[in-house]
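Understanding the architecture of this molecule
The chain contents come next:
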Amino acid sequence: MTDPSTQQISPSPAVEGGRTGRRLWIETGVVVAFWACVFLLTIGERATGPHAPSSWWSLGLVHTAFENILWLFATPGFFWLTHRFNLERETWLWSIPLHLGVVFVAAVAIDYTSHILFPVFSQPYTLARSLSGFGFIEEFSIAMVVVIAGVARAYILRFQERRDAALRYKAEAGALQAQLSDARLEALRMQINPHFLFNTLHSISTLAGRDPKGVQRMIARLSSLLRRVLEGEATQEVPLEKELSFIRDYLEIQCIRFEGRLEVSEDIEAGLQDALVPDLILQPLVENAIKHGSDDAPLHITLRARRGPENGQLVLDVCDNGPGIDADDVEPSAQDGGVGLANIRKRLDSLYGPDATLDLSNASDGGLVATIRLPYHTAAELRAEAP
């Protein structure tokens, strides 16, 4: 059966955009909080350090704030660099030198610019002093931390993208499989309808000269059956009571055809009328029982429905008093009516997989028993389980 959850193939652009927007806001908040913490730690370390200049509080606070603001605005650029030029196996040989080069340039530029605009030392701050001093090492270390964070972020984003792509592919494959399964089931269902129609018309033709009133009743019943088959809702499962109602009308047509030589009885366990079964699943079994029944003695067909030994199982039996099957034959051949049985097995497999079976066996008192076992469920239960 089609799983409703497979119908949602991928998030809409609005949902995807909302996720991206939330991620950017979260990243922005984390970056701002990180550099705010770095700023507080830095001013604490520099203000209390043994070599702190006496005029530090007059200009050092502004210098440190400006330095951290530069890093704050440089961080998105580092994130773009690590995402655009990732360290994959095919690109790491030239990506690593590129990253190190950018780290070096950024460290020199930020250290030199901050000291030129907001000098905290009495002596002039030159580029050579920047490269040989502790300030450059500190800025280089900070840049390396930012690059490492950017590489980790890039890996996480690529992992999420690949995971989302895999989920979309799985959902699309599931939806396609469900569509193919529905199309296959509908084709099998429609294979039954003309088969049933041709056999019923043949039955009517055999009585045309002997029982005109019986033919009229058969045509009226056939009209009712065709209305249900052709105008009914295209669904793969129907309540058991609806399936039995169809079979009763079908068997009434056959009773008219056999002129009293066909007897029908039912043994339906109470409380099963709402159990869902495949549409038109019993008709090929009943037709097979009629076709392979005894030509000499009256034919008796019994329809049974019961809960299986396990609570989650529904068991349907179509029994006849015909000759049964030989020990060497698993079931009638295709030329002998086995197409309908093969059709049933295909439908059961498509709908329920290994949870449903069709078995043929000889009854202990003679005749053939066709037994269908399938999962027990109702429309109300399916609605309750739906998300």
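Worth saying up front: this structure is predicted, and the values here are computed from it rather than measured. (Residues numbered from 1 in each chain as written. Predicted model: local features only at pLDDT ≥ 70, side-chain atom pairs only at ≥ 80, totals over all residues. Heavy atoms only, no water.)

Details of the overall build of the protein
The condition that has to hold: By the criteria applied, helices consist of DSSP H or I runs no shorter than four residues and strands consist of E runs no shorter than two, each listed in order from the N terminus. The classification of residues rests on relative accessible area computed with a 1.4 Å probe and restricted to protein chains. Under 20% of the type maximum is buried, over 50% is exposed, and intermediate values are partly exposed. Throughout, a contact is declared for two residues whenever any of their heavy atoms are within 4.5 Å. Here, Shrake-Rupley sampling with a 1.4 Å probe gives the accessible areas, and only protein chains in the shown set may cover a residue.
Check the secondary structure of the protein and you find ten helices and seven strands. Buried residues in the protein amount to 37% of all 387 residues. Long-range pairs, those at least 24 residues apart, make up 72% of the contacts in the protein with a sequence separation of at least 6. On the protein, roughly 22,000 Å² of surface is accessible, and the fraction owed to carbon and sulfur atoms is 61%.

Topic: the sheet that holds strand β2 (residues 262-268)
Cut-off, in case you're wondering: Strand pairing is assigned whenever DSSP identifies at least 2 bridges connecting the two strands. For helices, the axis comes from a line fit to the C-alpha atoms of the stretch in contact; other axes are also lines fit to C-alpha atoms, and the angle between any two N-to-C directions lies between 0 and 180 degrees.
On the basis of which strands lie adjacent, the open sheet formed by five strands has the order β2-β4-β5-β7-β6 and mixed pairing. The open sheet is flanked by β2 and β6 (357-362), the only strands paired with a single partner. In this sheet, neighbouring strand axes are inclined to one another by 15° on average, regardless of whether the strands run parallel or antiparallel. Strand direction decides the pairing type here: β6 and strand β7 (residues 368-375), joined by six bridges, are antiparallel. By the bridge assignment for β7, Asp359 is matched with Thr371. Its contacts with the sheet put helix α7 (residues 240-258) on β2, β4 (299-307) and β5 (313-320), and the angle it makes with β2 is roughly 165°. The sheet contacts of helix α8 (residues 283-291) involve β2, β4, β5, β6 and β7, and relative to β4 the element is tilted by about 150°.

A few points about the packing of α7 against α8
To be explicit about the condition: By the definition adopted for this analysis, an angle is roughly parallel if under 35 degrees, roughly antiparallel if over 145, roughly perpendicular if from 65 to 115, and oblique otherwise. The handedness criterion is simple: a crossing whose near helix is rotated anticlockwise from the far helix by less than a right angle is left-handed, and one whose near helix is rotated clockwise is right-handed. Residues are grouped as follows: Ala, Val, Leu, Ile, Met, Phe, Trp, Tyr, Cys and Pro are nonpolar; Asp, Glu, Lys and Arg are charged; every other residue, Gly included, is polar.
Contact geometry of α7 with α8 gives a least axis separation of 10 Å together with a crossing angle of 20°. For the element pair α7 / α8, the angle class is roughly parallel. At the point where α7 passes α8, the crossing takes the right-handed sense. Residues Glu243, Phe246, Ile247, Tyr250, Leu251, Gln254, Arg257 and Phe258 of α7 touch α8, and the partners they reach there are Gln283, Val286, Glu287 and Ile290. A breakdown of the residues in the contact of α7 with α8 according to their chemical character gives seven nonpolar, two polar and three charged.

A short note on the environment of Leu358
Of note, Leu358 is situated in strand β6. In this structure Leu358 comes out as buried when scored by relative accessible area, which is 4%. The spatial distance from the C-alpha of Leu358 to the C-alpha of Val315 is 9.9 Å, given a sequence separation of 43 residues. The residues contacting Leu358, other than those within four sequence positions of it, are Leu285, Leu341, Ile344, Arg345, Leu348, Thr371 and Ile372.

Let's talk about empty space enclosed by the protein
As a reminder of what qualifies: Any residue with an atom within 4 Å of a point lines the site, the site being either a cavity, points on a 1 Å grid over the protein atoms alone where a 1.4 Å probe fits but cannot get out, or a pocket, an open set with protein on both sides within 12 Å along at least 5 of 7 lines. Grid points are joined across faces, edges and corners, and a volume is the space filled by probe spheres set on the points.
Enumeration over the complete set of coordinates arrives at three cavities of 30 Å³ or more. In this structure, the second largest cavity occupies an estimated 40 Å³ of space. Contributing to the lining of the second largest cavity are Leu285, Asn288, Ala289, Val318, Asp320, Leu360, Leu368 and Ala370. Of all the elements in the fold, those that place two or more residues in the lining of the second largest cavity are α8, β5 and β7. If you tally residues by element for the lining of the second largest cavity, the top one is α8, at three residues. In the lining of the second largest cavity, the residues fall into six nonpolar, one polar and one charged.

So, the nonpolar core
Keep this limit in mind: Remark: nonpolar core denotes a set of buried residues (Ala, Val, Leu, Ile, Met, Phe, Trp, Tyr, Cys) joined through side-chain atoms within 4.5 Å.
Counting 48 residues, the largest nonpolar core has Leu285, Val286, Ile290, Ile301, Leu316 and Ile372 as its most contacted members. For this core, the leading source of residues is α7, giving nine residues. Excluding anything up to four places from it in sequence, Ile290 contacts Tyr250, Leu251, Gln254, Arg257, Phe258, Leu262, Leu299 and Ile301. Residues Val31, Phe79, Ile110 and Val151 belong to the second largest nonpolar core, which totals 13 residues.

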